[in-house]
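# Understanding the architecture of this molecule
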Amino acid sequence: MTIDTGNLNPTSQVSRPSGGSFFTSKGRYRAFFETWPPIVLIALFFIGLAIFVVATAPLIAPYDFMAMDLRDRLTPPALFGGTWAHPLGTDELGRDLLSRLIISIRVSMMIAFLSTLIAGTLGITLGFLAAYFRGRVEQLIMMLIDAQASMPFMIIALAVLAFLGNSLFLFIVLMGFYGWERIARIARGLAIAATEQGYATSVRDLGASPMRIYGRHILPNIASTLIVSMTLNFPEVILLESGLSFLGLGVQPPMTSLGNMVGYGRDYIQSAPWIMLVPSAAIVLTTLSISIVGDWMRDRFDPTLR
Amino acid sequence: MTLIRKHAAMLVGATFLAAATFTAPAFSQDRPDITVAVQQIVNAGALDVLREQSNVGARVFYSIFETLIDYDRQKKDLPQKPGLATSWKRIDDKTVELTLRPGVKFHNGDVMTADDVVFTFSKERFGQLPEQEAARADGKTLFTATASTATEGKVPPAEVAAVANRAWPNLDRVEKVDDMTVRFISTVADPTLEGRISRYGAEILSRRAYQEADSWLDFARKPVGTGPYKVVDFKPDNVLVLEAHEDYWGGKPPVKNLRFVVVPEVASRVNGLLSGEYDFITDVPPDQIATVESNADFEVVGGPITNHRLMVFDKNTGPMKNAKIRQAMTHAIDRDTIVEVLWGGRTQVPAGLQWEYYSDMYLADWKVPEYDMDLARKLVEESGYNGEPITMRVLNNYYTNQVSTAQINAESFRQIGLNIQIEMKENWQQIFDNTSGPRMVRDWSNSAPFPDPVASIVNQHCQNGQQQQVGEWTNEEFNALCIKLETSTDLQQRRAAFRRMLEIAEREDPAFTVLHQSAIFYGKRKDIDWMWSGLQSMDFRPENFVISTPAN
Amino acid sequence: METQLSIRDLTVDFDQGRQFVRALHGVSLDVAVGETIGVVGESGCGKSITWLAALGLLGKRATLSGSVKLAGTELIGASEKQLSSLRGGKIAMIFQDPSSSLNPVHRIGHQLGESLRLHRGMTGEQASAETMRLLDRVGIANARQRLNEYPHEMSGGMNQRIMIAMALAGEPDILIADEPTTALDATIQAQILDLLRELSSENGMALVLISHDLGVVADMAERVAVMYCGRVIETASTDAIFDNPTHPYTRGLIAALPDLEGPKRRLASIPGTVPPPDQLPPGCSFAPRCTHATPLCDVALPALLPVGPDAGHSVACIHSGPMRVEKSKAPARQSVTAELEPA
Amino acid sequence: MRPLLSVRDIKRHYQVRVPGGFFGRDALLKAVDGLSFDINRGETLGLVGESGCGKSTTARLVMGHIPLTAGSVAFDGQPVTARHDSDWRAMRRRMQMVYQDTLGALDRRLTISEQIGEPFAIHEPVMTAGQRHERALSLMDSVGLRADMARRFPHELSGGQRQRVVIARALALSPDLLVCDEPVSALDVSIQAQVLNLLDDLREQTGFAALFISHDLKVVRQMSDRVAVMYLGKIVETGAPEAVFKRAQHPYTKALISAIPTPRNRGRRERIVLEGDPPSPVDVPPGCAFHTRCPLAMTQCRLDTPLLSGDGDHLVACHAIHQSAQSAPLAAE
Amino acid sequence: MLRYALLRIARALVTVSLIVSIAFVILRLSGDPAIIILGPEAPPEAFKAFRHAWGLDQPIWVQYLKYFNAIFHGDLGNSMRDGRSALQVVGERIPLTLAITIPALFLKVLIGLPAGVYAALHRNTAIDRLIMTLSVFGFTVPSFVLGLVLAMIFAVKLGWLPSGGSDTWLHAVLPIFTMGMIGAAVIARFTRSAMLEVLGQPYIRTASAKGLVWRDVVVAHALPNAAIPTLTIVGFMVGSLVAGAVVVESVFSWPGVGRLLVTAVANRDLAVVQVILLFVGFTMVLANLIVDLLYGWVDPRLRTKRLQAGT
């Protein structure tokens with residue numbers, strides 16, 4: 001008999017689940033946590049929580065976020081000497097911080113989401129136009145990209161917001177101009193790469209129209225890369241909004257947002273630090289979670305993006 | 001006298017030496033260097049009292065300049081007292097004669113004379129000479145005075161001329177009687193002349209220094225006055241360094257170097273005070289008082305000032321056309337709660353747009369509309385209000401507690417059935433703008449630079465006042481009374497006119513309603529004995545600055 | 001013949017996320033002093049991995065077992081320091097894509113000099129003289145000027161010469177050439193192969209030539225090892241392999257090559273594809289594609305055993321040789337399966 | 001009879017800047033420099049040469065991917081341009097391409113059946129998705145793909161299977177011309193044979209003409225009715241495969257053939273090893289581009305560009321050959 | 001190369017003038033500087049006089065043409081608020097900003113680079129995760145929150161450092177530290193991914209194969225290559241040296257360009273805003289240009305590639 005069975009003796013480590021392949025299993029937990037690192041799980045949990053809050057904000061907020069109780073101002077959070085009537089305490093007008101936080105998360109997330117959507121649409125459209133037309137059109141679009149990139153957005157926002165004023169709609173539109181140039185660059189680069197050798201050329205060779213090539217083939221293909229890069233845009237918009245709120249140009253009262261809460265709470269950093277620290281923590285936790293998950297997604301799904 | 005002068009000269013020389021070498025510890029130990037953290041030094045970027053129209057300038061200007069008639073600034077009722085003039089008297093309805101204080105020295109060492117006073121109130125200083133206007137139209141900063149001496153003169157910016165015009169609407173001329181005596185002569189009978197002479201904006205400048213400066217701007221960045229401190233260094237938005245004026249007529253200034261540094265963040269100012277970096281901080285919000293005072297080495301002083309916070313109505317727009325709506329709003333404001341909660345009870349609800357220091361002109365029995373929600377609701381009902389939105393334009397805490405106050409009031413207005421919408425605005429232009437949307441309710445404040453209703457209600461709400469100029473409000477009867485108040489010299493007539501004006505503007509056809517008296521708070525080292533002033537000036541003269549125990 | 005390098009039962013497992021998957025299933029190979037051995041196989045058969053593993057170049061994601069002895073020194077489990085003194089010194093390696101295998105930001109001279117410094121302690125003038133000699137030796141004209149150039153300024157063939165010069169710098173006993181000409185044009189390939197041949201005979205250097213191109217291996221090697229799915233399935237002298245291929249896979253590979261000469265014929269192709277390492281069939285990995293497979297092939301793992309008249313000709317196929325066919329008559333599929341089922 | 005594809009003196013030049021001087025200098029890269037050939041219906045022309053010789057550029061010019069610098073390409077009498085308008089798109093029904101990089105050529109987000117159905121979706125919009133799927137299945141069958149792969153994605157297939165998908169897709173609309181750019185260079189030997197056989201079979205069944213581009217002489221010989229050897233943007237030798245590969249005349253062709261190692265002629269042959277690298281297409285030497293590496297180079301080679309000439313189908317562009325052909329019969333190598 | 005540089009500069013000029021034009025229009029439309037600068041209680045005549053003096057009563061296109069005409073004559077206008085030339089106003093602030101942004105840049109690089117390299121070399125270990133989490137944390141904390149909290153700790157609680165102002169070098173410590181922390185986080189992330197990419201390249205394997213010990217492979221072969229992409233982000237940071245400190249300057253009352261910008265925008269001090277925008281645009285463009293040239297220096301491949309692309 002010449003059958004070599006020497007390798008077949010199952011050991012504690014070596015298993016042979018199927019066919020002739022050899023697998024050395026990792027510990028179940030080790031394998032699980034290597035695929036889903038704990039920090040990513042925590043981040044995902046926070047994102048889930050934030051999405052839940054966004055979806056149900058008015059339902060779960062214990063009070064109207066604008067309701068004032070001037071006799072009950074600046075009460076500390078429950079665990080720091082306050083009462084459970086206001087678990088996170090109250091602000092300078094006696095408004096319940098938990099309720100405001102919930103609404104603020106909703107508003108900030110909506111702003112970040114919508115403006116990222118706008119930036120994405122703008123960036124992809126311009127990027128594709130540049131990739132399709134090349135030549136002059138491309139030069140022009142590249143110039144716009146350069147212009148946008150050579151001016152810190154904070155400065156543009158500063159100048160423009162002074163003009164646009166306080167409308168939430170206009171604020172979102174403005175934030176929609178944040179980061180479009182990055183997305184446009186990526187979209188253009190990927191579209192050119194696709195047209196230069198890959199599947200886009202081959203689809204064109206089949207006789208597909210540009211609309212079909214860009215809409216049905218290129219866009220779905222580069223979507224994951226774009227979505228990851230938009231994910232990274234998201235926390236930056238939240239931070240930008242808070243920075244602008246700090247300078248008094250963010251979301252304006254009576255509307256509230258995380259940045260707005262921090263901006264108005266900063267005067268109380270010594271007398272009632274929770275007013276500022278609670279929304280700050282929310283900003284850090286959400287942006288941290290999104291960035292961690294975004295990085296993780298990028299590492300996992302998208303080696304093309306740095 | 002001469003002996004004193006000699007001494008003074010020596011002293012000046014010594015100071016100069018000390019300043020030049022910079023390392024004279026013996027000297028600096030004698031008197032402390034004091035740093036004041038302010039939100040802003042001057043809004044307009046120049047140290048000219050005729051350009052800086054905001055009240056923030058007042059706190060630094062009083063250390064640099066002085067008026068002929070001063071106030072006892074630390075007293076609550078702000079009585080007038082001799083300043084650079086030792087005495088004054090009415091010659092007639094149109095004329096006031098002042099005797100100048102002898103031996104007053106400007107920062108450049110010159111002795112103040114009648115010439116300086118005449119110059120301070122001259123057309124040239126005001127930038128109102130035809131040649132100046134022509135030069136200004138050409139964009140020049142200098143002009144050649146053809147009429148008199150063919151010397152070169154300076155062209156102040158146009159707004160200086162305009163402000164001077166407003167401050168001195170009836171001033172005909174200032175006459176030199178002799179070196180130490182001047183006369184102010186107005187074109188019409190003017191009961192407010194003494195008030196105007198004492199007001200902010202009437203500070204005496206050194207004629208020689210002004211004329212020798214290279215341009216108006218150069219002078220405005222390093223002006224020469226008679227105050228206890230002289231300007232050493234001025235960087236707008238950053239720092240103003242003043243140095244003791246050793247020849248100051250009122251005695252040796254108690255501070256060697258007085259620095260005003262700009263620290264816009266409240267938290268940073270408080271931090272800096274507590275960490276010992278600043279000796280004084282200004283604009284402490286009432287909510288932060290406890291924080292400062294939790295440290296036994298520091299305290300907060302301050303209180304109501306000669307400025308009232310108002311809510312102003314535009315009677316030409318939408319529901320605001322109905323006086324009942326406006327009246328309802330005036331009754332729905334819980335002023336006492338606002339003062340109690342947002343101001344910690346450290347200011348007060350005044351008796352309408354007037355201050356006690358009006359003395360004779362003060363109407364002690366006048367009141368702001370009482371807080372009565374039922375009455376307010378009734379008024380809204382009577383008005384036939386149909387739920388049309390009413391917008392409140394608010395700036396982002398241009399005034400202390402502005403946003404909070406607006407939100408509290410908006411809540412009350414909602415409760416009386418008004419559809420109130422807060423519109424946050426970024427600047428004053430947007431507040432006044434009536435092209436982008438209806439202008440209905442806005443915030444404002446009124447100061448009284450001198451103790452007479454003319455300084456407030458007339459200047460701000462009459463025909464030439466801003467409210468009527470931007471087209472928010474007008475009232476015929478009111479306007480007729482304005483003229484009477486300005487020109488009549490009969491006290492009873494004037495009081496009657498003022499009362500009727502308040503009735504119209506605050507009650508019958510509300511143009512505005514007073515929210516509360518503004519207040520200002522300073523955080524300071526407890527070991528410094530120092531009093532704040534209702535005129536918002538910071539007084540660092542010898543009688544108002546004593547360090548009880550040696551610092552450091 | 002004296003053995004220079006000896007690989008015994010080398011296995012490599014790669015971290016595949018959830019588990020480690022075995023890529024090499026106990027490879028054993030010997031390289032004699034001065035010998036040229038060809039390793040052929042299609043992509044994914046483990047031919048490069050064997051040698052990268054031997055040199056400890058697979059990184060942390062791979063787990064090794066077995067033994068690799070270089071002139072008596074065990075390499076598996078050797079310290080980083082030990083390994084690095086051997087790498088580039090006693091044993092050198094060149095790679096498939098010469099242009100990206102050279103550091104783009106360093107000049108040629110610098111990269112060569114580094115090897116000389118490491119293994120022969122040369123610096124300065126001495127090093128640069130030696131560098132020029134080496135470049136000259138690998139047929140690069142104008143050596144002095146080339147020293148100051150960057151890899152991207154040169155053609156692929158030129159870069160491969162530089163890689164070879166760099167490998168020679170340590171005066172190795174054994175050179176592993178991993179697909180050295182795959183990225184090169186036919187005429188350049190011929191130049192490089194000639195150069196390698198010359199160098200190995202000149203220096204008595206053993207040469208391991210890894211290639212998917214049967215032609216290249218046939219041209220260069222004295223002995224050939226054919227690999228499939230992480231195993232050596234046939235090894236013999238070059239002549240024996242090509243004149244008398246025994247394993248059906250080897251036969252298939254040779255038959256699948258188009259000819260330039262002779263009458264045009266339809267190509268004989270091997271059906272199916274190479275299974276990825278995590279989807280190997282039980283039994284002989286080649287069985288699913290093999291035209292001669294019997295049920296036994298599906299379950300039995302053939303060992304690499306001597307076969308035929310030629311010395312050193314071994315093959316891993318239960319059907320190879322009449323002797324085996326007889327012996328392999330028996331076990332019913334079920335019983336074997338049962339026997340193999342892990343408890 | 002009119003040839004299906006007629007390529008006349010096509011050129012493709014690029015303006016480039018190359019190192020030289022401090023700021024670099026302008027130079028002309030002649031990727032394709034005067035190429036003419038015809039392909040008749042049902043005929044396969046093999047184009048062979050080393051990298052950088054302009055084979056792929058030729059394919060792109062023929063397909064109308066990039067504009068011509070000079071010359072003309074006519075497909076069934078119709079000029080092929082690089083204007084990607086509706087005419088151009090319509091022409092795709094009749095000319096298709098097979099690529100080297102199969103993973104790149106397939107949209108990785110579409111299933112195999114969708115990929116193969118794509119040409120129908122583009123050119124026959126009336127077809128329903130179900131019909132497309134049916135057609136795709138039958139095409140898959142004809143290229144030897146199992147029906148159960150229809151729902152898989154490209155990355156789940158092996159290289160050979162993917163190439164089958166590409167071929168099935170290209171042949172979906174029964175084109176008259178198939179341009180194959182290195183279709184098997186990325187494949188393993190065993191798979192390469194499968195794909196070559198498949199192409200051969202399909203050609204027999206459907207009768208498409210092909211431009212078959214490869215650097216591998218053996219593959220070209222296997223597939224072509226006629227071959228053309230390219231060097232630096234020009235054809236140096238063309239003719240029937242038997243003629244070109246067995247009786248190679250151009251010294252470059254000879255060197256190329258001799259450089260190919262095969263297991264069958266082990267140790268039995270003399271190799272002509274050429275010196276040096278091919279010159280860069282930017283610096284094409286004047287005269288015969290090959291003269292810098294040519295063992296037969298003469299003075300004339302440096303001056304005049306040799307023209308393709310010869311008797312019958314077997315044409316060579318070489319001064320040395322032409323001269324010796326005039327003077328004496330060519331000595332056997 | 002020169003042609004390339006000129007081309008870049010020309011494009012940059014167009015870019016900057018585009019920015020300035022947009023800013024011009026937006027700022028002019030967005031509010032009347034007169035009332036903002038003179039204050040709401042100033043008399044209406046003063047506003048009128050002010051508007052006339054600054055030409056604000058003219059149609060916007062006239063103002064625009066005049067503005068551009070003036071720029072071409074080297075006149076960038078005067079500050080409406082301050083009266084002096086805007087160039088002078090901005091110019092005296094620039095050194096102050098650079099005094100904190102340049103040390104902060106060094107801090108960013110000195111912390112970020114080693115941290116990123118270390119994390120890449122120890123990929124997927126606990127220390128890598130720690131560094132990366134800290135790094136993500138670093139740039140998800142709003143800078144003003146970090147600034148205020150640092151001031152709380154170091155100025156108020158510990159009393160080690162001043163909390164705001166610009167009198168001594170000690171005043172610069174907290175702003176530098178705040179910016180440095182945040183920037184270091186960004187650089188660390190960038191460096192890590194650049195390093196990981198480089199470590200996967202064939203030449204790293206070559207370097208190992210030639211017998212270099214791992215440390216030398218990293219230092220001599222991986223680092224120089226990883227530096228190339230990292231240069232982009234450092235270049236961007238250099239480009240924002242002038243304007244990168246808007247928030248931090250406000251937090252720490254540091255009288256630099258950033259704070260000037262905030263006040264100037266708030267006051268609609270148009271000429272000053274425009275000069276700052278010009279400065280920022282130019283530094284950014286200049287930094288990009290320098291980065292490009294540096295690329296050529298650190299990456300020899302680009303020297304020729306760019307030449308070929310320069311058609």
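Residues numbered from 1 in each chain as written. Chains lettered and ligands numbered in written order. Predicted model: local features only at pLDDT ≥ 70, side-chain atom pairs only at ≥ 80, totals over all residues. Heavy atoms only, no water.

### Digging into the overall build of chain E
Summing up its helical and strand segments, chain E has 15 helices and 0 strands in all. Each principal axis of the C-alpha atoms in chain E carries an extent, and together these give about 85 × 60 × 30 Å. Across the 311 residues of chain E, 59% fall into the buried class. Of all intrachain contacts in chain E linking residues separated by at least 6 positions in sequence, the fraction that spans at least 24 positions is 73%. Surface exposure of chain E reaches about 12000 Å², of which carbon and sulfur atoms provide 72%. Averaging the locations of the 25 positively and 15 negatively charged side chains of chain E gives two centres separated by 13 Å. (Helix = DSSP H or I, 4+ residues; strand = E, 2+ residues; numbered from the N terminus. Buried < 20%, exposed > 50% of the residue type's maximum accessible area, 1.4 Å probe, protein only. Contact = heavy atoms within 4.5 Å. Areas by Shrake-Rupley, 256 points an atom, 1.4 Å probe, with all protein chains shown as cover. Lys, Arg positive; Asp, Glu negative; His and termini not counted. Charge placed at Lys NZ, Arg CZ, Asp CG, Glu CD.)

### Observations concerning the state of the cysteines
Every disulfide links exactly two cysteines, by a covalent bond between their sulfur atoms. Residues and elements named next belong to chain B. In total, this model carries 1 disulfide over all chains according to the counting rule given. A sulfur-sulfur distance of 1.8 Å marks the disulfide that ties Cys-462 to Cys-482. On the sign convention where negative means left-handed, the S-S torsion of about -80 degrees between Cys-462 and Cys-482 marks this disulfide as left-handed. Taken together, the positions of Cys-462 in the loop between helix H18 (453–461) and helix H19 (466–469) and Cys-482 in helix H20 (residues 476–487) put the pair 20 residues apart, joining distant regions of the chain. No difference in accessibility class separates Cys-462 from Cys-482, as the two residues are buried. (Disulfide = S-S within 2.5 Å.)

### Some points on the pattern of salt bridges
In this structure the tally under the stated criterion is 85 salt bridges over all chains. Two residues, Asp-179 of chain B and Lys-176 of chain B, come together in a salt bridge whose shortest N-O distance is 3.1 Å. By relative accessible area, which is 39% here, Lys-176 of chain B ends up partly exposed. One salt-bridge network, held together by shared partners, links Arg-2, Arg-41, Asp-76, Arg-94 and Asp-176 of chain D. (Salt bridge = Lys/Arg side-chain N within 4 Å of Asp/Glu carboxyl O.)

### Some details on the domain arrangement of chain E
For interface size, the figure often reported is the accessible area lost on association. All names here are of chain E. In terms of domains, chain E is made up of domain 1 (2–72) and domain 2 (86–309). A straight line from the C-alpha centre of domain 1 to that of domain 2 covers 32 Å. Domain 1 puts 19 residues into the contact, and the matching count from domain 2 is 15 residues. For the pair domain 1 and domain 2, the two sides together bury roughly 1700 Å², of which 74% comes from carbon and sulfur. Inspection of the domain 1/domain 2 interface yields 0 salt bridges. At the junction of domain 1 and domain 2, the tally comes to 0 residue pairs in polar contact (both at pLDDT 80 or more). Contributions of two or more residues to the side of domain 1 that touches domain 2 are made by helix H1 (2–29) and helix H2 (33–38). (Domains from an automatic or database assignment. Buried area = accessible area lost by both parts, 1.4 Å probe. Polar contact = N/O pair within 3.5 Å; in protein donor to acceptor, adjacent residues only side chain to side chain.)

### Structural notes on the sheet that holds strand E12 (residues 314–315) of chain C
Residues and elements named next belong to chain C. Reading across from one edge, E6-E7-E8-E3-E9-E10-E12-E11 is the order of the 8 strands in this open sheet, with mixed pairing throughout. Each edge of the sheet is formed by a strand with only one pairing partner; in this case those strands are strand E6 (91–94) and strand E11 (305–306). The strands that helix H1 (residues 47–54) touches are strand E3 (36–40), E6, strand E7 (174–178), strand E8 (206–211) and strand E9 (223–228); relative to E8, the one it contacts most, it runs at about 140 degrees. Strands in contact with helix H11 (residues 248–256) are E9 and strand E10 (231–237); relative to E9, the strand with the most contacts, it is inclined by about 105 degrees. (Pairing = 2+ DSSP bridges. Axes fitted to C-alpha atoms, helices over the stretch in contact; angles between N-to-C directions.)

### Observations concerning the arrangement of the chains
The smallest C-alpha distance separating chain B from chain C is 48 Å, and no contact links them. You won't find any contact between chain B and chain D; their C-alpha atoms come no closer than 48 Å.

### As for the pairing of strand E17 (residues 441–447) of chain B
Residue and element names in this part refer to chain B. Burial of E17 is extensive: 7 of the 7 residues sit out of reach of the surface. Going residue by residue along E17, you find Val-441, Asp-443, Ser-445 and Ser-447 tucked away on one face and Arg-442, Trp-444 and Asn-446 tucked away on the opposite face as well. Sheet topology places strand E14 (residues 298–313) next to E17; 7 bridges connect them, and they run antiparallel. Paired with Leu-310 across the strands is Trp-444, a residue of E17. Two strands pair when backbone bridges link them, and strand E15 (residues 390–395) and E17 are joined in this way by 2 bridges, in the parallel orientation. Paired with Arg-393 across the strands is Arg-442, a residue of E17.

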